[in-house]
Amino acid sequence: MNINGKAMRTIWVKPDGFPVEIIDQTALPHALKTVALKTCDDAAYAIQAMLVRGAPLIGVTAAYGVALAMREDASDSSLDEAITLLAAQRPTAVNLRWALDQMRGALAGIPNEERPRAAFKFAAKLATDDVEMCRKIGAHGLEIIKKIAASKPGQPVNILTHCNAGWLACIDWGTATAPIYQAHNAGIPVHVFVDETRPRNQGASLTAFELAQAGVPHTLICDNAGGHYMQSGVVDLVITGTDRVAANGDVANKIGTYLKALAAFDNDVPFYVALPSSTIDWTMPSGKDIPIEERSADEVLHVAGRLANGQVASVAIAPPGTKAGNPAFDMTPARLVTGLITERGICNATPDGLLTLYPEHRSGGSAVA
Ligand code: MRU
């Protein structure tokens, strides 16, 4: 996708193969800042401090973190240490564990002297594969948007989304946004209601930013407004991303997603979740055991933004000493999900729905609730 007309991805490697570079998402939308990752510790920090965030991008950054570790020490113990460190940075997005498992598998049996090159090559493959998965998610999701567009000729299809499941959360395209970008590119009028997504405001700072860059009409709304808009009949469809889908179709995503799903259910608004297969946790029978990250209370007690003089600042919004809880994700039960949009097609959020698209998981893994 483009920033100021220049094609960019969220993570890349310098032409001579080092270092890895990322867009520092904590600086958006006020500044476009890139940061070099030179060590595995740099990659771990970027994930923990949310310079990079979003399930697919967390996974690919971790993969490059392993490659950076191999560059310094390609021994088995270094590989184990890197994987342990990176896996501990964020608990909910299963793409992190998935990518690390992929790296471990790819490096198994490779002689130490060949490991750095192999690791960078495989991390690059995970990035390229993610782009292709997101493109396909877009193509499948586009069919849903096309049907709605055909039912209201000349009027925009109004889509509500939560958090940022856009290209900034992935490598390119995004998951929830891929159908939207593809509809927009195909000349189908779309309009997006963007939830601000407290406490970190990924909707306001990232989704609004990328939609504006792509010229997609959108309206920023506060998190509490979605139910009202759905009740008023102005939302045709909700599409969100996810950090982990359990084998029964339960969905963990950014805090507040569950409330949007409830409002959508109550108002007969289709509620779709878009994901690459790297987000499915086949070992997790249901969503109730998905670990929910608890982040710093400071994120709730403060809001960051740009002052009139252009300076970016953080301000306190509660009385000193206020206690705050900050679960970063919630779990939406599968019964509230109209369908899962994957790179292989759209399925019901049920064990059978998932297994129809991914029959290779029919035997082997643990029991499905
Ligand atoms: O805490 P974040 O910003 O990493 O949370 C991101 C989300 O919840 C996204 O919706 C999810 O990762 C899907 S990304 C394609």
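In this text, all values refer to a predicted model and were calculated from it rather than measured experimentally. (Residues numbered from 1 in each chain as written. Predicted model: local features only at pLDDT ≥ 70, side-chain atom pairs only at ≥ 80, totals over all residues. Heavy atoms only, no water.)

Draft legend 1. Quick look at the confidence of the model for the chain. Here the chain averages 97 in pLDDT, and 98% of its residues register 70 or above. The model gives residues 365-369 a pLDDT under 50, and that stretch makes ten contacts with residues more than four places away or in other chains. (pLDDT = per-residue confidence, 0-100. Contact = heavy atoms within 4.5 Å.)

Draft legend 2. Focus on the sheet that holds strand β17 (residues 339-342). In space, the seven strands of this open sheet follow the order β8-β7-β6-β9-β12-β17-β18, with mixed pairing throughout. The sheet is open, and its two borders are formed by β8 (218-221) and β18 (345-347), each paired with just one other strand. Sheet twist, expressed as the mean angle between neighbouring strand axes with direction ignored, is 25 degrees. Direction of pairing for strand β9 (residues 237-240) relative to strand β12 (residues 271-274): parallel, over a ladder of three bridges. From the neighbouring strand, V238 faces β12, where its bridge partner is F271. (Pairing = 2+ DSSP bridges. Helix = DSSP H or I, 4+ residues; strand = E, 2+ residues; numbered from the N terminus. Axes fitted to C-alpha atoms, helices over the stretch in contact; angles between N-to-C directions.)

Draft legend 3. Structural detail: the site of the ligand. By nearness alone, 19 residues border the ligand, and R53, R90, D243, N253 and K254 come closest of all. Between A55 and the ligand, the recorded distance is 2.9 Å, taken from a backbone N or O atom to an oxygen atom. In the environment of the ligand, an oxygen atom lies 2.9 Å from a nitrogen or oxygen atom belonging to the side chain of Q202. Elements represented by at least two residues in the shell around the ligand include exactly α2 (55-72) and β11 (251-254). Tallied by class, residues from the shell around the ligand come to eight nonpolar, seven polar and four charged. (Near = heavy atom within 4 Å. Polar contact = N/O pair within 3.5 Å; in protein donor to acceptor, adjacent residues only side chain to side chain. Nonpolar A, V, L, I, M, F, W, Y, C, P; charged D, E, K, R; others polar.)

Draft legend 4. Region of interest: helix α3 (residues 76-87). Taking 1.5 Å per residue as the helical rise, α3 with its twelve residues ought to reach 16 Å, and the 16 Å between its terminal C-alpha atoms agrees with that figure. Buried within α3 are the following residues: S78, L79, A82, I83 and L86. Buried residues of α3 fall within an arc of 130 degrees about the axis and therefore sit on the same side. Those residues of α3 that are exposed and aimed more than 90 degrees away from the buried face are E81 and T84. (Expected span 1.5 Å × (residues − 1). Buried < 20%, exposed > 50% of the residue type's maximum accessible area, 1.4 Å probe, protein only. Arc of directions from axis to C-beta.)

Draft legend 5. Here's a closer look at the nonpolar core. Membership of the largest hydrophobic core comes to 81 residues, with the highest contact counts inside it found for V66, L86 and I145. Here this core spans two domains, since at least three of its residues come from each of domain 1 (2-128) and domain 2 (135-361). L160, V273, C347 and L355 belong to the second largest nonpolar core, which has 28 residues in total. (Core = buried A, V, L, I, M, F, W, Y, C linked by side-chain atoms within 4.5 Å. Domains from an automatic or database assignment.)

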